[in-house]
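What follows is each chain in one-letter form.
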Amino acid sequence: MPVQTIQALGALLIGGVFVFAGIEHFLKFGAMRDYLAAQKFPAPALMLAAGSAIEVVAGFLLAVGITRPFAAGALVAFTLATNLMLLRFWASDEPERQVLRNAFLINIAVVGGLLLAGTF
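What comes next concerns the included structure. As the structure is a prediction and not an experimental result, all values here were calculated from the model.

Brief notes about the overall build of the chain
A tally of helices and strands in the chain yields five helices and zero strands. Helices and strands in the chain line up, N terminus first, as α-α-α-α-α. The C-alpha radius of gyration computed for the chain amounts to 15 Å, which stays within 12% of the reference 14 Å derived for 120 residues, consistent with globular compactness. By its C-alpha atoms, the chain is 45 × 30 × 20 Å across when sized along the principal axes.

If you want it as structure tokens, here you go:
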């Protein structure tokens, strides 16, 4: 399989994950907003709507190959911000600490994939 085909498939898959997640956040908006409010998020409804819109739009652009560097960059910024604001494993006790740390590290790997997807 040619390298460009593999790269396009990778961008489709990682972009598709963000599109799916963003749509799911809109479908479960009330529950997600309440979760963010419980986590002391500022303006939880606005942050959820903006973040979900970024996921859907930038994920779609990445998946279909339009402005790939811009789309990947937006998703990198979104993922890092979300990681720092929501997956604060350093402020938790075990066993929650381990679960949050693992999710944090997985998101760091996703950032790595996004950086690769945005550079071809």
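Topic: the pattern of salt bridges
Taken as a whole, this structure holds two salt bridges when the rule is applied. A salt bridge links Lys28 to Glu24; the shortest N-O distance between them is 3.2 Å. Assessed through its relative accessible area of 30%, Glu24 is described here as partly exposed. For the salt bridge of Asp34 with Arg33, the shortest nitrogen-to-oxygen distance reads 3.2 Å.

A word on the packing of helix 2 (residues 29-38) against helix 3 (residues 44-64)
Between helix 2 and helix 3, whose axes approach to 9 Å, the crossing angle comes to 120 degrees. In terms of orientation, helix 2 and helix 3 fall into the oblique class. Here helix 2 and helix 3 pass one another in a crossing that is right-handed. In contact with Phe29, Met32, Arg33, Leu36 and Ala37 of helix 2, helix 3 contributes Pro44, Ala45, Leu48 and Ala49.

Here's the deal with the packing of helix 1 (residues 3-27) against helix 3
Packing of helix 1 against helix 3 brings their axes to within 7 Å, and their N-to-C directions diverge by 155 degrees. By the criterion of interaxial angle, the relationship of helix 1 to helix 3 is roughly antiparallel. For the element pair helix 1 and helix 3, the recorded crossing hand is left-handed. Residues Ala11, Leu12, Ile14, Gly15, Gly16, Phe18, Val19, Ala21, Gly22, Ile23, His25 and Phe26 of helix 1 form the contact with helix 3, whose participating residues are Leu48, Ala49, Ser52, Ala53, Glu55, Val56, Gly59, Phe60, Leu62 and Ala63.

Side note on the environment of Gly59
Its place among the elements puts Gly59 in helix 3. Spatially, the C-alpha atom of Gly59 lies 13 Å from that of Ala8, the residues being 51 residues apart in sequence. Non-local contacts of Gly59, meaning those with residues more than four positions away in its chain, are made with Gly15, Gly16, Phe18, Val19, Ile54 and Leu75.

Points about the nonpolar core
Looking at soluble globular proteins, one finds that nonpolar side chains tend to be buried together. Ranked by internal contacts, the top residues of the largest apolar core, which has 14 residues, are Ile14, Phe18, Leu62, Ala71, Leu75, Leu114 and Ala117. Elements with a contribution of two residues or more to this core: helix 1, helix 3, helix 4 (68-86) and helix 5 (96-117). Considering each element in turn, this core owes the most residues, five residues, to helix 4. Other than its neighbours up to four places away in sequence, Leu75 contacts Phe18, Ile54, Glu55, Ala58, Gly59, Leu62 and Leu114.

What counts and how
Each chain carries its own residue numbering, running from 1 in the written order of its sequence. Residue-level local features of this predicted model are given only where pLDDT is at least 70; pairs of side-chain atoms are given and counted only at 80 or more, and the full residue set underlies all totals for whole chains, interfaces and linings. Excluding hydrogens and water, the side-chain figures rest on all heavy atoms present in the structure. The helix count covers DSSP runs of H or I at least four residues long, the strand count covers runs of E at least two residues long, and both are numbered beginning at the N terminus. Only C-alpha atoms enter the radius of gyration, while the globule expectation follows 2.2 Å times N to the 0.38, with N the number of residues. For this analysis, a salt bridge means a side-chain nitrogen from Lys or Arg found within 4 Å of a carboxyl oxygen belonging to Asp or Glu. Only protein chains enter the accessibility calculation, which uses a 1.4 Å probe; a residue is then buried when its area is under 20% of its type maximum, exposed when over 50%, and partly exposed in between. Fitting a line to C-alpha atoms yields each axis, with helices limited to the stretch in contact; the angle taken between N-to-C directions then spans 0 to 180 degrees. Each angle is binned into one of four classes, with values under 35 degrees roughly parallel, values over 145 roughly antiparallel, values of 65 to 115 roughly perpendicular, and all other values oblique. Crossings are sorted by hand: turned counterclockwise from the far helix by less than a right angle, the near helix makes the crossing left-handed, and turned clockwise it makes it right-handed. The contact criterion used throughout is that any non-hydrogen atoms of two residues lie within 4.5 Å. To form a nonpolar core, buried Ala, Val, Leu, Ile, Met, Phe, Trp, Tyr and Cys residues must be joined to one another through side-chain atoms within 4.5 Å.

Fair warning: the whole summary comes from geometry, so function is off the table for now.
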